[in-house]
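One-letter residues, chain by chain:
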Amino acid sequence: MVERKLLVLFGSQTGTAEDTAERIGREAKRRHFQCRVEALDSYDVANLINELLVVFVCATTGQGDPPDNMKMFWRFLFRKNLPPGSLCQLDYAVLGLGDSSYPKFNFVAKKLHKRVLQLGGNPLLPVALGDDQHDLGPDAVVDPWLLTLWDKILALYPLPPGLEIISPDVRLPPKYTLNYLAEDSLHPDGGPPQPTAARAVPSELHPFAAQLVSNQRVTAESHFQDVRLIEFDVTGSGITFSAGDVVMIQPQNCTEDVQQFCQLLRLDPDRHFVLKPTEPDTSLPALLPQPCTIRHLVTHYLDISCVPRRSFFKLLSYFSMNELEREKLQEFSSAQGQEELYSYCNRPRRTTLEALWDFPHTTCAIPPEYLLDLIPRIRPRAFSIASSMLAHPDRIQILMAVVRYKTRLSKPRRGLCSTWLASLNPEQGDVRVPLWVKKGGMKFPTDPDTPVIMIGPGTGVAPFRAAIQERVAQGRRGNCLFFGCRQKSKDFYCQEEWELLVTKGFLTLFTAFSRDQEEKVYVQHRIQENRRLVWELLSSRNAHVYLAGNAKQMPAAVAEALQLVLQLEGGLSPSEAEEHLTALERSQRFQSETWS
């Protein structure tokens, strides 16, 4: 009989695709499949030619880019020398997760589906295009698509005789068993090891514990937004980077939240435990020490401040002995209850910890071994590096807005990483932050004579500060910066630094202070006003253009301004201007890095 094996591979940036992949894994177990769920880059892609049944779940990030944990897979899959029939034995399906307010909606899923088809794969279904913009979120597409998928898969791989699909009312076993250790079996120094200076280049599995050197507010105290310029000392780490690169920071939960969580779940934070996988082919969580304390698990691993997903309420409903709470949890995890779940969770940005408060009878009945199934891990946060090693050797600086906003909930919402970093005070002793560096998407020209036009409103200026410091240290002129913020007196970051470089002839600076006059002025207006210079740099001097900042309206407005420059100064028609800008993008002369 054919082996009933299913492989679910995911590419996930924020955790939604991983959550959906895990859901498919659970549904496969209910249908008695041997199932593995893995990140695409953890999977040995050379084995793909031996697989018979694979479901790919992948998100699209940025400007149609693959998530970080599938980039190596992506490069391999698009190698020109892969033979056309190499995946002819593979039955596959692709589920995409995207956001239709971006121009390259679900680009990665569409391209992956097409490429596997080119290599001979047999698609079980058309590609599914989940959309964040839908009133019910991506599940509006995912739910019906999965029902059809299981029909197709069970037609190819029927249930073994005598076995039925395990009912959704039955709770599946946890991924790991959690065994508490007797206190006398521990060594006196048995606390979890802190990340230390690793021998290898620091990475997610081996972060470098960098010392926090300074933490300075760069907006006026009266300004609504708190923005920090933070500096880390990375001496001895082996870290190197260039302008455009990104530092990854692993945040942690605050002490107060950790205490509340432990009280709610009646957990002793100082108890030690070890984890054992329930199934032989499951690996242990790489970032957790063994043995580990409950305090370490909750502080450094469980993301108790994230907005819980539908799968959280589904699993929680199994533990509920309280009828009212169970009914509500079941409603939140049903397809019909998604609108209600959205207004309970997503709209007000309610956290996992707050949701647990609302279900007290259920929360105190959660078995500790299900914690790792219930709550996702804390993901590292990415920050554009805002300094150059040539100007600040052995230092990394970031420009960070502290995330804080109001919803209908009484307590303001706070960003986990920015709140934690902002709270750290280097004057209170040796403060350490786990970090590592990753190559960024933006590449600056190697030819010293190539001018650069940088458009960086708000904290979008961070990578350009690194680039300008780097280029000035190399004696390069031809640096042109368009910077925008609200008010010159309140949030003009690094003002003195820019003005000094202007005086020395290293920088041409254009500023847009949107609230300093009656009419709002933004960077796109300054580009149009200075169109002759922009055109001259682009047409005669082969300039490269860079854009960084918030992904909502700004990138489209800037693209429109650049197209107007091409029309008014270059004499191009609107369609030619659009084509020319696309050609600049293709040749990497126009690069952008935006975030939502």
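Rules behind the numbers
- Residues numbered from 1 in each chain as written.
- Predicted model: local features only at pLDDT ≥ 70, side-chain atom pairs only at ≥ 80, totals over all residues.
- Heavy atoms only, no water.
- UniProt positions renumbered as here; feature names shortened; annotations may be inferred.
- Salt bridge = Lys/Arg side-chain N within 4 Å of Asp/Glu carboxyl O.
- Buried < 20%, exposed > 50% of the residue type's maximum accessible area, 1.4 Å probe, protein only.
- Helix = DSSP H or I, 4+ residues; strand = E, 2+ residues; numbered from the N terminus.
- Disulfide = S-S within 2.5 Å.
- Contact = heavy atoms within 4.5 Å.
- Pairing = 2+ DSSP bridges.
- Domains from an automatic or database assignment.
- Buried area = accessible area lost by both parts, 1.4 Å probe.
- Polar contact = N/O pair within 3.5 Å; in protein donor to acceptor, adjacent residues only side chain to side chain.
- Nonpolar A, V, L, I, M, F, W, Y, C, P; charged D, E, K, R; others polar.
- Phe/Tyr/Trp six-rings, centres within 6.5 Å; stacked < 30°, edge-to-face > 60°.
- Lys NZ or Arg CZ within 6 Å of the ring centre and 35° of its normal.

You'll find the protein chain entered in an unreviewed UniProt entry as NADPH-dependent diflavin oxidoreductase 1, with Athene cunicularia given as the organism. Quoted verbatim from the Subcellular location (unreviewed entry) field of the UniProt record, the comment on the protein chain reads "Cytoplasm, Perinuclear region". Quoted straight from UniProt, the Catalytic activity (unreviewed entry) entry for the protein chain says "2 oxidized [2Fe-2S]-[protein] + NADPH = 2 reduced [2Fe-2S]-[protein] + NADP(+) + H(+)".

A. Inspection of the pattern of salt bridges at higher detail. A complete count under the given rule lists 28 salt bridges for this structure. Here Asp226 and Arg228 are joined by a salt bridge, their closest N and O atoms 2.8 Å apart. Each member of the pair, Asp226 as well as Arg228, carries the same accessibility label: buried. Between Asp233 and Arg395 there is a salt bridge, with its nearest N and O atoms 3.2 Å apart. Of this pair, Asp233 sits in strand E9 (residues 227–233) while Arg395 sits in strand E14 (residues 395–401); the two residues are 162 residues apart in sequence, bridging distant segments of the chain. The class for Arg395 is partly exposed, based on a relative accessible area of 23%. Several salt bridges converge on common partners, so that one network encompasses Arg23, Glu27, Asp139, Asp143 and Arg310.

B. Region of interest: the state of the cysteines. Tallied over the entire structure, the rule returns 0 disulfides. Free cysteine Cys262: the closest other cysteine sulfur is in Cys292, separated by 11 Å. Cysteine Cys485 remains unbridged, with the sulfur of Cys494 as its closest cysteine sulfur at 11 Å.

C. Structural context of the environment of Gly456. Looking at the element boundaries, Gly456 is found in the loop between strand E18 (452–455) and helix H14 (462–473). For Gly456, a relative accessible area of 0% gives the class buried. For the pair Gly456 and Leu481, spaced 25 residues apart in sequence, the C-alpha to C-alpha distance is 7.5 Å. In this structure, Gly456 is in contact with Val461, Phe464, Phe482, Phe483, Gly484 and Ala548, ignoring residues within four places of it in sequence.

D. How the structure looks around the sheet that holds strand E12 (residues 292–293). The strand order across the open sheet built from 3 strands is E7-E11-E12, with neighbouring strands paired in antiparallel fashion. The open sheet has two free edges, formed respectively by strand E7 (176–180) and E12, since each of these has just one partner strand.

E. Focus on the domain arrangement of the protein chain. For the protein chain, the domain assignment lists domain 1 (5–156), domain 2 (208–250 + 380–438), domain 3 (255–374) and domain 4 (452–594). A C-alpha centroid distance of 27 Å is found between domain 1 and domain 3. Listed by partner, the interface residues are 12 residues for domain 1 and 9 residues for domain 3. Here domain 1 and domain 3 share an interface that buries about 880 Å² over both sides, 40% of which is from carbon and sulfur atoms. For the pair domain 1 and domain 3, the interface holds 2 salt bridges. Notably, a salt bridge pairs Arg310 with Asp143, separated by 3.0 Å at the nearest N-O pair. Here domain 1 is connected to domain 3 by 6 residue pairs in polar contact (both at pLDDT 80 or more). Counting residues per element, the ones that place at least two in the side of domain 1 that touches domain 3 are helix H1 (16–30) and helix H4 (139–156). The leading source of residues in the side of domain 1 that touches domain 3 is H1, at 6 residues. Looking at the side of domain 1 that touches domain 3, its residues break down into 1 nonpolar, 3 polar and 8 charged.

F. Geometry of the packing of aromatic side chains. With the rule as written, the count across this model stands at 15 aromatic pairs. Relative to Phe313, the ring of Phe312 lies with its centre 5.0 Å away and its plane at 90°, an arrangement referred to as edge-to-face. Like Phe313, Phe312 is buried. Over the ring of Tyr180 we find Arg271, and its NZ or CZ is 4.1 Å from the ring centre.

G. Quick look at the environment of Gln338. Looking at where Gln338 falls in the secondary structure, it is placed in helix H9 (residues 338–346). Relative accessible area serves as the criterion here: at 7%, Gln338 is assigned to the buried category. Measuring from C-alpha to C-alpha, the distance between Gln338 and Asp430 comes to 46 Å, with 92 residues separating the pair along the chain. Residues contacting Gln338, with those up to four places away along its chain left out, are Leu136, Asp139, Arg310, Phe332 and Ser333. A polar atom in the side chain of Gln338 sits 2.7 Å from the backbone oxygen of Ser334.

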